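# Architecture at a glance
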Amino acid sequence: QQQRANFVPVSEARKRLRGDTCMVVIENNGVARAHAESEIFRPHVVGTPDGLGGENVVMTYCAMSNLGMAMKPEVDGRPLDLAPAIQLENNLIMWDRHTGEPVQQIHNCREGDREAGKTMEEWPSWRMPLWAFAKAYPQGEVFVNVRPRWNQNPFASAYDLLIEMLFTTGISYQHRFEKPICDTMKHYDERLPHKEYVWGFNVGDEYVAYTREYLKEQDNLINVQVGGRDIVVAYDADYDSIGVYYNETGAAVEEINFFGDTPKGRLPRVETLKAGLYWFIWCNFVPQTELNRAGICPSVAKAA
């Protein structure tokens, strides 16, 4: 549903979904959109013709990886028409209808473009419950997957229900058990349980991942350097959300809210964040990742 996804106001979404439903969120120019895993796990790709606040941005989601990832579906100024195809190593494989080439979600590019380094531009996304999204963005929009109705097309409705049951059964297994549903991974890392949620991101060629528990041990705020950039990783209890921000203040940040506001101004979000994906997915595709990198004061780092 790259260009025909259905979004409803927050008020309507709260009648359909529980307040604690986990949402993957994107925002631009005052337009905020939330995507519940239960709604997006089958269409996999959702967006609208007018994009996101004027930007051509779509949300992709892989339930096997627990990964919501927003991107601009274009390379070298040419659009990609993305559709789900299959999975590989427990991660979504899409394909570009224009060229027929496969696209591994976490790689964010057509396979034929990987060696040339031609990737789609990532867009910042994060996780938060529906109640928090409604609080932060009362005028926000929530994706709802429109299913075929029995009185309009009985065959399509029955087929849709069958596929829904099959998907739900498989994904339920993936969430409940330690062993991946498809044991085809190339690399395992035993530093964490396979299904531990991590917040992984990169700046250039440096990759790091943090757990919620480690962040809590650091009083929910970490100043760190990644790829030569000062970064702030923070948890905001008021919105039950972990955010990763570029620190452009030149000093350690001691106070920051969900929106990235600090006493020295608002900080932009890191666009490469994969929020709350499974550890075994992250370390399989990024085996060189560092886990829970210790914080450092940016001013100290510059002096050193």
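Up top you'll find the structure we're talking about.
These notes cover the structure that comes with them. (Residues numbered from 1 in each chain as written. Predicted model: local features only at pLDDT ≥ 70, side-chain atom pairs only at ≥ 80, totals over all residues. Heavy atoms only, no water.)

This brings us to helix 4 (residues 154–176). Between its terminal C-alpha atoms helix 4 stretches 33 Å, which fits the 33 Å expected from 23 residues at 1.5 Å a residue. Where helix 4 is concerned, the buried positions are Ser 157, Asp 160, Ile 163, Glu 164, Gly 170, Ile 171 and Gln 174. (Helix = DSSP H or I, 4+ residues; strand = E, 2+ residues; numbered from the N terminus. Expected span 1.5 Å × (residues − 1). Buried < 20%, exposed > 50% of the residue type's maximum accessible area, 1.4 Å probe, protein only.)

Let's shift gears to the pattern of salt bridges. According to the stated counting rule, one finds 18 salt bridges in the structure shown. Across the pair Glu 111 and Arg 114 runs a salt bridge, and its minimum N-O distance is 3.5 Å. By relative accessible area, which is 42% here, Arg 114 ends up partly exposed. A cluster of three or more residues bridged by salt bridges with shared partners is formed by Glu 55, Lys 72 and Glu 121. (Salt bridge = Lys/Arg side-chain N within 4 Å of Asp/Glu carboxyl O.)

The subject of this paragraph is the packing of aromatic side chains. According to the stated counting rule, one finds 12 aromatic pairs in the structure shown. Through successive ring pairs, a cluster of aromatic residues spans Trp 126, Phe 133, Tyr 137, Tyr 239, Phe 258 and Phe 259. Sitting over the face of the ring of Tyr 239, Lys 135 holds its NZ or CZ atom 4.9 Å from the ring centroid. Positioned above the aromatic ring of Phe 258 is the side chain of Arg 269, whose terminal nitrogen or guanidinium carbon lies 4.9 Å from the ring centre. (Phe/Tyr/Trp six-rings, centres within 6.5 Å; stacked < 30°, edge-to-face > 60°. Lys NZ or Arg CZ within 6 Å of the ring centre and 35° of its normal.)

The next thing to look at is the state of the cysteines. Applying the stated rule across the entire model yields 0 disulfides. Free cysteine Cys 283: the closest other cysteine sulfur is in Cys 62, separated by 15 Å. (Disulfide = S-S within 2.5 Å.)

Together, Leu 162, Leu 166 and Phe 167 line one region of the surface with nonpolar side chains, adding up to about 280 Å² of accessible area. Structurally, Leu 162 is set in helix 4. For Leu 162, a relative accessible area of 46% gives the class partly exposed. (Patch = residues over 30% accessible without salt bridge, like charges linked within 9 Å, V, L, I, M, F, W, Y side chains within 5 Å. Areas by Shrake-Rupley, 256 points an atom, 1.4 Å probe, with all protein chains shown as cover.)

Our next topic: the pairing of strand 2 (residues 22–28). Burial analysis of strand 2 places 5 of its 7 residues in the buried class, which makes it a mostly covered element. Pairing analysis gives 4 bridges linking strand 2 to strand 14 (residues 126–129), with the strands arranged antiparallel. Bridging from a neighbouring strand, Met 23 pairs with Met 128 of strand 14. The sheet contact formed by strand 2 and strand 3 (residues 31–36) spans 6 bridges and is antiparallel. By the bridge assignment for strand 3, Met 23 is matched with Ala 36. (Pairing = 2+ DSSP bridges.)

Another point: unusual backbone geometry. Despite not being glycine, Glu 89 has its phi angle at roughly 55°, a positive value. The phi dihedral of Asp 219 falls on the positive side, at around 60°, and the residue is not glycine. On the accessibility criterion, Asp 219 (69% relative accessible area) is exposed.

Our focus in this paragraph is the nonpolar core. The biggest cluster of nonpolar side chains holds 45 residues, and the ones touching the most others in it are Leu 82, Trp 279 and Ile 281. Looking at this core, the elements that each hand over two or more residues are strand 2, strand 4 (45–46), strand 5 (58–62), strand 6 (67–71), strand 10 (91–96), strand 23 (274–278) and helix 6 (279–285). Counting residues per element, this core draws most heavily on helix 6, at 6 residues. With residues up to four places along the chain from it excluded, the contact list for Ile 281 reads Met 64, Ser 65, Glu 89, Asn 90, Ile 106 and Met 185. One finds Leu 17, Met 128, Phe 133 and Val 142 within the second-largest nonpolar core, a separate group that totals 21 residues. (Core = buried A, V, L, I, M, F, W, Y, C linked by side-chain atoms within 4.5 Å. Contact = heavy atoms within 4.5 Å.)

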